[in-house]
Number of protein chains: 2
Amino acid sequence: MTRRGPTLEDVARVAGVSRATVSRVVNGVRNVDPHIQETVRRAITHTGYTPNQAARSLVTRRTGTVALVFSADGDPVAARVFADPFFGRVVDGALRFLHERAVQPVMLVADSAQARTRVVDYLSRGAADGALVVPLDAADPLPGMLVTAGIPMVLFGRPPAEVRTGFVDLDNAAGARMAAAHLSARGRRRLAVIAAPDSAPAARERLNGFLEASALAGIEEVPVVSGRFTADSGRRAMARLLREHPGLDGVFAANDLMALGACQYLRERGVSVPGDIAVVGFDDSSAATECGPPLTTVRQPVEHMAAAMARLLVEQLQGVGATCSSEMFEPLLVVRESA
Amino acid sequence: MTRRGPTLEDVARVAGVSRATVSRVVNGVRNVDPHIQETVRRAITHTGYTPNQAARSLVTRRTGTVALVFSADGDPVAARVFADPFFGRVVDGALRFLHERAVQPVMLVADSAQARTRVVDYLSRGAADGALVVPLDAADPLPGMLVTAGIPMVLFGRPPAEVRTGFVDLDNAAGARMAAAHLSARGRRRLAVIAAPDSAPAARERLNGFLEASALAGIEEVPVVSGRFTADSGRRAMARLLREHPGLDGVFAANDLMALGACQYLRERGVSVPGDIAVVGFDDSSAATECGPPLTTVRQPVEHMAAAMARLLVEQLQGVGATCSSEMFEPLLVVRESA
DNA sequence: TTGAAAGCGCTAACAA
DNA sequence: TTGTTAGCGCTTTCAA
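Residues numbered from 1 in each chain as written. Chains lettered and ligands numbered in written order. Predicted model: local features only at pLDDT ≥ 70, side-chain atom pairs only at ≥ 80, totals over all residues. Heavy atoms only, no water.

Some words on unusual backbone geometry
Step number 1: Cis geometry is found at the peptide bond from Val273(A) to Pro274(A), where omega equals 5°.
Step number 2: With respect to the helices, strands and loops of the structure, Pro274(A) is situated in the loop between α12 (256-268) and β9 (278-283).
Step number 3: Despite not being glycine, Arg61(B) shows a phi value in the positive range, around 60°.
Step number 4: Position of Arg61(B) relative to the elements: it lies in the loop between α4 (53-60) and β1 (65-71). (Helix = DSSP H or I, 4+ residues; strand = E, 2+ residues; numbered from the N terminus.)

The structure is reproduced here in structure tokens:
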């Protein structure tokens, strides 16, 4: 199993030059006689030479690789990540950018304490130059661990205050304001919110933005019930809202999955959406289109955000950017049938 | 940006021993005095030492890393891979196995000629020890390229005859025969198939198996419409079948996502499933249970297959297994409500 | 059981 | 413009 290919030395011998010259040709350093360059190239194809990454990294302290990490605190990440096109959009945006920069992206999954340790190890050993981290839950300990380990990284979503790192994020409050404006423009006056735990900063911003815009529209009393980002928690929240506030005509949920749960519950109870109650979600994930009826929701420009995340990391690695720069993005209201 | 941590040398100095001894402790080689072991361990935590992967790989010719590659010949892989729970199961099965063997899996995406070259380069340079390749189309050139480059690899699905490599595969024809037998046992006689492009050998085997078993049951005329493995293509195929063959009472789709799309369409048109038309899928992915009604489907033991793929590769890397061993798996009919 | 020393294959100063 | 040389940090003989 010891694949031992030709080395620089071998190529040098064949080409009749020194190792250094071959290295220069391989790495495209100028100041090499075009004629010799040609000879060396021939020798390279002739020998079938491929650079050894380990040897290279040992001296450059670089791998040319960046990790894209999907991280969650408890459940199997794979089942979640590979069932929601949202993540496909993240991958697409990040990979496209990195490819253009000749940086090789590798994807990692961290869905247990053990897996997190392994990921931190992997990066600490220098197997990749930095990490783009997509945490599925706000309470995820991985970002903190990476900061502590001194790994260059950029996060998808604003980190907790104590974790100092670069990130990209959406103007969640603005998105929520759009949702409120849309509902009130459609004449809905008795609004409610299915929010999410305060531990997720994005969730709080969405709630606050919605309340703010409702107030501006003259709607003061807006009942709030908290869910946990899951469809099931959404349906439960909807049940409670319906029980305690029977006159509702509009609901905003802090993500699509909860909006989906709410719609399911309403449909089962014979409440028409949007006839009786209009529902607006957030994310524009696959759940939005699969919902019955398709969700009106607030869309994040995920691909752009992912590309920006990659750019921030690359700049940081090149020593151009700061280690903590961040970038904000604007959401977009997508009107479908639910509101 | 030159993260330069403590080295073996530093630890050795602190512990008052030689580099070699520290190396032995780090790598758990026996024949080290327990007392000294303790001292070294203390020195390691004290200095915050982490091994340098490049230096290590340079001498061992190993990275302890294996690549899981998703590969397709044309379209953006990410959008497809991250929308089909099937791939989540592959990832889950492979990762679980590799984690237990202390092998770090990294996932790569190869969806263009350029990306393929990069993946081959990545592996040729020794950034990972081998590859588990999941080709989305049969015409995919990547497996051939990797064989040529001498990269240890195992494929998901049987490769073309000219590509000599290890693989795992499902008896797709047998699964499709089960589907046909089930439908005809339930008294369905007017069957149709939502197939997939011939470029996917698994898809062709499923189609052939179904037609073969239908013929055996005395059902000769079976209309076939091709989808592209997505829910949306499934709903479109269903629409066409319904239009062109209004008397259908049973449909077999080459994967669950297309079956799901078909069910959605039927429901919308007020066609009862399975009352009017029975639907059978293939895969038993999470789409099967999320479908309304839950899908009767042919289950692939995907996790087992992926684990086997990982095992074959690891054995090959350890010099235990042959470079070309393969393993076949049997499908299982899972009867739910749709047929 | 431990240490000394020889590389692994490459890049990058520095000389020529 | 090219070659010489000194490491990068680690594992692994080989002696002691």
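Next comes the rest of the write-up.
Quick look at the pairing of strand β9 (residues 278-283) of chain B
Residue and element names in this part refer to chain B.
Step number 1: With six of six residues buried, β9 is to be regarded as a mostly interior element.
Step number 2: In this structure, strand β8 (residues 250-253) lies alongside β9, joined through three bridges in parallel fashion. Bridge pairing in β9 places Val251 opposite Val279.
Step number 3: Regarding the hand of the β-α-β motif, the stretch spanning β8, helix α12 (residues 256-268) and β9 is right-handed.
Step number 4: Judged from the four bridges that link them, β9 and strand β10 (residues 296-299) form a sheet pairing that is parallel. In the sheet register, Asp283 faces β10, and the bridge partner there is Arg299. (Buried < 20%, exposed > 50% of the residue type's maximum accessible area, 1.4 Å probe, protein only. Pairing = 2+ DSSP bridges. Right-handed = clockwise from strand over helix to strand, strands pointing away.)

Brief notes about the side chain of Ser184(B)
Step number 1: Inspection of the secondary structure assignment puts Ser184(B) in helix α9 (residues 172-185).
Step number 2: Residues in contact with Ser184(B), not counting those within four places in the same chain, are Arg189(B), Ala217(B) and Ile219(B). (Contact = heavy atoms within 4.5 Å.)

As for the environment of Val168(B)
Residue and element names in this part refer to chain B.
Step number 1: If you trace the backbone, Val168 turns up in strand β5 (residues 166-170).
Step number 2: Sequence separation between Val168 and Glu327 is 159 residues, and the spatial gap between their C-alpha atoms is 4.7 Å.
Step number 3: Look past the residues within four positions of Val168 in its chain and what remains in contact with it is Leu155, Phe156, Gly157, Arg158, Met305, Ala308, Met309, Leu312, Glu327 and Phe329.

Concerning the packing of helix α1 (residues 8-15) of chain A against helix α2 (residues 19-26) of chain A
All names here are of chain A.
Step number 1: Between α1 and α2, whose axes approach to 8 Å, the crossing angle comes to 105°. When the axis of α1 is compared with that of α2, the two are roughly perpendicular. For the pair α1 and α2, the contacting residues are Leu8, Glu9, Val11 and Ala12 in the first and Arg19, Val22 and Ser23 in the second.
Step number 2: Residues of the contact of α1 with α2, tallied by class, amount to four nonpolar, one polar and two charged. (Axes fitted to C-alpha atoms, helices over the stretch in contact; angles between N-to-C directions. Parallel < 35°, antiparallel > 145°, perpendicular 65-115°, else oblique. Nonpolar A, V, L, I, M, F, W, Y, C, P; charged D, E, K, R; others polar.)

Describing helix α10 (residues 201-216) of chain A
Residue and element names in this part refer to chain A.
Step number 1: An ideal rise of 1.5 Å per residue puts 22 Å on 16 residues; α10 measures up with 23 Å between its terminal C-alpha atoms.
Step number 2: Restricting attention to buried positions, one finds in α10 the residues Pro201, Ala203, Arg206, Leu207, Gly209, Phe210, Ala213 and Ser214.
Step number 3: Structurally, α10 contributes buried residues whose contacts are with α9 (172-185), β6 (191-195), β7 (224-226), β8 (250-253) and β9.
Step number 4: Gly218, located one to two residues past α10, shows a positive phi value of around 85°. (Expected span 1.5 Å × (residues − 1).)

Everything listed here is a matter of geometry and, on its own, says nothing about what the molecule does.
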